[in-house]
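A closer look at the structure
So the chains spell out like this:
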Amino acid sequence: MASNFQSRTVVPRSFKLLEELEAAQKGHHEGSVSWGLEANDDMSLSRWVCMIIGPSRTPYEGRIYTLKIHCSDRYPEEPPCVRFQTRINLTGVAANGSIDSKYIPALRNWNRDLSIHQVLTEIRSSMSLKENAKLSQPSEGAVYPSQ
């Protein structure tokens, strides 16, 4: 009896995160986003610091935004938690800098094949959306309180 079941290799959390770290270090992406471990000795690969350069012809142009990403023990089965460190007025960003996943497609429709890079790229793309075009921005260099 033939089976229609196709086996799929599930990459362990640490391997997935090591792949993401390697991609960040090798820079196989455009230079508008970057990411790396918050601390070099983070053996759990849980805490990441990221950067997004605001897109041209938007209120974010010329600004560098710092974010922190936390990958829980359930990553990549569950999406990472993303929080801006640099203050920003952007649809879907709460008063403390946390991003509401329903506003970022990669977070809203998360699956284990997505990556930190894709999340950052989609956040940057959201900066170009019409609803964000007229939002006034906090003074440059303003940050959210540490948590």
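The structure contained in this document is the topic of the report that follows. (Residues numbered from 1 in each chain as written. Predicted model: local features only at pLDDT ≥ 70, side-chain atom pairs only at ≥ 80, totals over all residues. Heavy atoms only, no water.)

Every buried residue of helix α3 (residues 116-126) is accounted for by Ile 116, Val 119, Leu 120, Ile 123 and Ser 126. The arc that holds the buried residues of α3, viewed along the axis, is 120°, so those residues lie on one side. Of the surrounding elements, those touching the buried residues of α3 are α1 (13-26), β1 (33-37), β2 (47-53), β3 (64-70), β4 (81-84) and α2 (105-108). (Buried < 20%, exposed > 50% of the residue type's maximum accessible area, 1.4 Å probe, protein only. Helix = DSSP H or I, 4+ residues; strand = E, 2+ residues; numbered from the N terminus. Arc of directions from axis to C-beta. Contact = heavy atoms within 4.5 Å.)

On to the packing of aromatic side chains, then. Per the stated rule, a full pass over the model turns up 3 aromatic pairs. Measuring from ring centre to ring centre gives 6.1 Å for Tyr 60 and Tyr 65, while their planes differ by 70°; the resulting arrangement is edge-to-face. Neither residue differs from the other here; Tyr 60 and Tyr 65 are each classed as buried. When the centroid spacing of 6.1 Å and the interplanar angle of 90° are considered together, the rings of Tyr 65 and Phe 84 count as edge-to-face. Of the two residues, Tyr 65 is situated in strand β3 and Phe 84 in strand β4; the sequence distance between them amounts to 19 residues. Accessibility classification places Tyr 65 together with Phe 84 in one group, the buried group. Within the aromatic cluster, the residues linked to one another by ring pairs are Tyr 60, Tyr 65 and Phe 84. (Phe/Tyr/Trp six-rings, centres within 6.5 Å; stacked < 30°, edge-to-face > 60°.)

Along the polypeptide, Arg 112 turns up in the loop between α2 and α3. For Arg 112, a relative accessible area of 15% translates into the label buried. There is a polar contact of 3.1 Å between the side chain of Arg 112 and the backbone oxygen of Val 11. A distance of 2.7 Å separates the side chain of Arg 112 from the side chain of Glu 77, its partner in a polar contact. (Polar contact = N/O pair within 3.5 Å; in protein donor to acceptor, adjacent residues only side chain to side chain.)

Read these as geometric descriptors, not functional statements.
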